Amino acid sequence: MKKSYPLFVLLAVVLFSVAPVMVAQAPYEATMGLVQKIFYYHVPSAMVMFLSAFICGVASAVYLFKARPEADRIAAAAAELTVVFGLIVLVTGPLWARRAWGVWWQWDARLTSTLLMWMIFVAYLLVRRFGGPGAEKLGAAMAVFGMANVPFVYVSVNIWRTIHPTTRVVPTLSPGMRGPFWFCAIAFMLLFGLLLAVRARLEQRRADVEHLYLLADEE
Amino acid sequence: MHRVTMMKLTTWMIALWLVGMSGASLVAQAGAPGATPAAAGQAVGQEPQDQFVPVKSLPQQDQLPASTLLITAYGFVWAVLLVYLWTIWRRLVKVEREMQELSAKIGEKSARR
Amino acid sequence: MFLKVAWLVMRKDLTVEVRSREIVYTTVFFAVACVLVFAFALVKEGRPLEDAAAGIMWISVAFAGTLALGRTFERERHSETLRALMLAPVSRPAIYVGKLLGIVLLLLIVEAVLVPLVGLLFHAPIWNRPLLLIALLVSGTVGFSAVGTLFAAMLVRARSRDVMLPILLYPITIPVIIAGVRGTAALFEAVPAVDLAQMWLALLGFFDVVFVTLSLWTFEPLMTE
């Protein structure tokens, strides 16, 4: 483990401990009330999900065209994180929606496209696990298409009339909400960076073990 | 040569799309001036929110039922992250153990020689 | 040169298919069976659900297409002709385009059978705006087939390839199917919503460009060992 890991872990823990306090102090939203506070974890998770999908796509493209194994390891780590944070988004969203819109789910453009993008990365994990030899390249192709999805998902809420709020909400947050929101966003980003590094390192150790197996068999 | 072909193809594609999109939008606008993609989405009778409007405190009846949802949401986030961290930890431990076993085995073999 | 190679590959597939007609007949029959199954499943007071016409048609095309893709490439794998194709000193994307055109043609034949059938069973007004309907069908088919051909070619050498193809294909192509269904449904209404259909057609065009470009771009590195 790198020397700086413990410091960042501590920082992440501190941020996440303070976050609920900040969220509790934030003003209530006029129409949605208390349940709107899910926003402070829902949107940063979505931001991380998009970032992770993007990183996975770029790393996969690098792996496909330059055949660099480190790129493949980062892609595998980023795909798993996309699924994890996507799961958070897809569960906290409906919990909020139940109160704000009266329904758990609605097949509008944003929700549908997010679910599909999440499924692309779930399929990535499935194909890596069960695809047999050469599955890394199959997954990489999936990730490239998944990455192409990201701008589409983001913009879907502006192009179509959806029940999901538009992207104008975040830039126009009031000062009382801005603080906790960006605090949580930074906390999530930091956590994401850490998880990505750790998970990629796990992949690296696995590759090292494979290498050792080959050496052990040789002798 | 193949790279040049790819770039040419991509440029053709983009050009075709631009032409197609402008054509389609011109036709669409000529057809019905008021047409928007609105009807294509779900007509729920609600405008999507553009802004979050803050207030200082809530009317009493809105507070209790929402708190279950809020706590479940936050709890879920924490649970997922902790479970995920635990799975990484478990896999890392397993891999480190395999590493050690293999290193020991290789060490033995080369010592024997 | 590029187009010539694509044309040659497509002609090869056509020639093989014309001799046996195996894939065409079985795919068309499967698609028809699909439509009938859905129609019977959604019967209300002795009549099928008329609003479901567009959805049922596109779903059947998607299912039939997935099967046809699997079987076309299975044929290549069986005769080991895929390796011969890859060894040929021609541009790989041209091979991809040739295969894509073959699949698109096959699915268009299936649609040519399904559209009148759907018009018959669901009383759908298929003659409302025939050109627009054809445009929707063609662009939707191209989008679906573009991704399908790429993945089917990739999966030829993979394990559990039959179940992998739908797993990989559907999350990516469902937006194309959605756009196709919504556009076709707009045309099948009593008073066709033409501007709406055109909007969906534009979106389909966008998907086509993105998917074909991405597929062309990734085909070569994916097919190399």
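Predicted, not measured: the structure shown is a model, and the values here were computed from it. (Residues numbered from 1 in each chain as written. Chains lettered and ligands numbered in written order. Predicted model: local features only at pLDDT ≥ 70, side-chain atom pairs only at ≥ 80, totals over all residues. Heavy atoms only, no water.)

Observations concerning the overall build of chain C
Thinking step 1. Along its length, chain C carries 8 helices and 2 strands.
Thinking step 2. Each helix and strand of chain C, ordered N terminal to C terminal, gives the series α-α-β-β-α-α-α-α-α-α.
Thinking step 3. Principal-axis analysis of the C-alpha atoms gives chain C an extent of 55 × 30 × 30 Å.
Thinking step 4. A sequence separation of at least 24 residues applies to 83% of the contacts in chain C between residues at least 6 apart.
Thinking step 5. As displayed, chain C has an accessible area near 10000 Å², and 70% of this comes from carbon and sulfur atoms.
Thinking step 6. For chain C, the separation between the mean place of its 18 positive charges and that of its 16 negative charges on side chains is 7 Å. (Helix = DSSP H or I, 4+ residues; strand = E, 2+ residues; numbered from the N terminus. Contact = heavy atoms within 4.5 Å. Areas by Shrake-Rupley, 256 points an atom, 1.4 Å probe, with all protein chains shown as cover. Lys, Arg positive; Asp, Glu negative; His and termini not counted. Charge placed at Lys NZ, Arg CZ, Asp CG, Glu CD.)

Digging into the overall build of chain B
Thinking step 1. The number of helices and strands found in chain B is 2 helices and 1 strand.
Thinking step 2. Listing every helix and strand of chain B by position from the N terminus yields α-β-α.
Thinking step 3. Taking all 113 residues of chain B together, the buried fraction comes to 25%.
Thinking step 4. Carbon and sulfur atoms form 66% of the exposed surface of chain B, whose accessible area is close to 8100 Å². (Buried < 20%, exposed > 50% of the residue type's maximum accessible area, 1.4 Å probe, protein only.)

Some points on the interface of chain C and chain A
Thinking step 1. Each side of the interface is counted separately: chain C has 29 residues, and chain A has 23 residues.
Thinking step 2. Both faces considered, chain C and chain A share a buried interface measuring about 2200 Å² in area, 84% of it formed by carbon and sulfur atoms.
Thinking step 3. Looking at the side of chain C facing chain A, the largest losses of area belong to R159, P171 and P221 of chain C, adding up to 22% of the total buried there.
Thinking step 4. On the surface where chain C and chain A come into contact, there are 0 salt bridges.
Thinking step 5. Between the two partners, chain C and chain A, sit 1 residue pair in polar contact (both at pLDDT 80 or more).
Thinking step 6. For the side of chain C that touches chain A, the secondary structure elements donating two or more residues are α6 (130–155), α7 (161–188) and α8 (194–223) of chain C.
Thinking step 7. For the side of chain C that touches chain A, a count of residues per class yields 23 nonpolar, 4 polar and 2 charged. (Buried area = accessible area lost by both parts, 1.4 Å probe. Salt bridge = Lys/Arg side-chain N within 4 Å of Asp/Glu carboxyl O. Polar contact = N/O pair within 3.5 Å; in protein donor to acceptor, adjacent residues only side chain to side chain. Nonpolar A, V, L, I, M, F, W, Y, C, P; charged D, E, K, R; others polar.)

Regarding the interface of chain A and chain B
Thinking step 1. Taken together, the contact pairs 63 residues of chain A with 48 residues of chain B.
Thinking step 2. Roughly 5300 Å² of surface becomes buried between chain A and chain B when both sides are summed, with 71% attributable to carbon and sulfur atoms.
Thinking step 3. Here R91 of chain B ties to E80 of chain A by a salt bridge, and the two come within 3.1 Å at their closest N and O atoms.
Thinking step 4. In this structure, the connection of chain A to chain B is made through 4 residue pairs in polar contact (both at pLDDT 80 or more).
Thinking step 5. Only α1 (5–25), β1 (28–29), α2 (39–66), α3 (69–100) and α6 (175–218) of chain A provide two or more residues apiece to the side of chain A that touches chain B.
Thinking step 6. Per element, the largest residue contribution to the side of chain A that touches chain B is 15 residues, and it comes from α6 of chain A.
Thinking step 7. Grouping the constituent residues of the side of chain A that touches chain B by class yields 40 nonpolar, 10 polar and 13 charged.

With respect to the packing of helix α5 (residues 92–122) of chain C against α6 of chain C
Residue and element names in this part refer to chain C.
Thinking step 1. Relative orientation of the contacting elements α5 and α6 amounts to 135°, with a least axis distance of 9 Å. Classed by the angle they form, the pair α5 and α6 counts as oblique. Crossing angle aside, the handedness with which α5 passes α6 is right-handed. Contacts between α5 and α6 involve Y96, K99, L100, I103, V104, L107, L108, E111 and V115 from the former and L133, L137, V138, T141, V142, F144, S145, A146, V147, T149 and L150 from the latter.
Thinking step 2. For the contact of α5 with α6, the residue count by class is 15 nonpolar, 3 polar and 2 charged. (Axes fitted to C-alpha atoms, helices over the stretch in contact; angles between N-to-C directions. Parallel < 35°, antiparallel > 145°, perpendicular 65-115°, else oblique. Left-handed = near helix turned anticlockwise from the far one by under 90°.)

Description of the confidence of the model for chain C
Low pLDDT marks regions whose predicted coordinates should not be analysed in detail.
Residues and elements named next belong to chain C.
Thinking step 1. Here chain C shows a mean pLDDT of 89. Residues at 70 or above account for 100%.
Thinking step 2. Across chain C, the secondary-structure element scoring lowest on mean pLDDT is strand β2 (residues 47–48), at 76, and the one scoring highest is α6, at 94.
Thinking step 3. Our summary of model confidence lists the complex with pTM equal to 0.84 and ipTM equal to 0.88. (pLDDT = per-residue confidence, 0-100.)

Re the environment of A24 of chain A
Residue and element names in this part refer to chain A.
Thinking step 1. Structurally, A24 can be placed in helix α1.
Thinking step 2. Judged by its relative accessible area of 55%, A24 is exposed.
Thinking step 3. A sequence separation of 88 residues divides A24 from T112, and the C-alpha atoms of the two residues are 31 Å apart.

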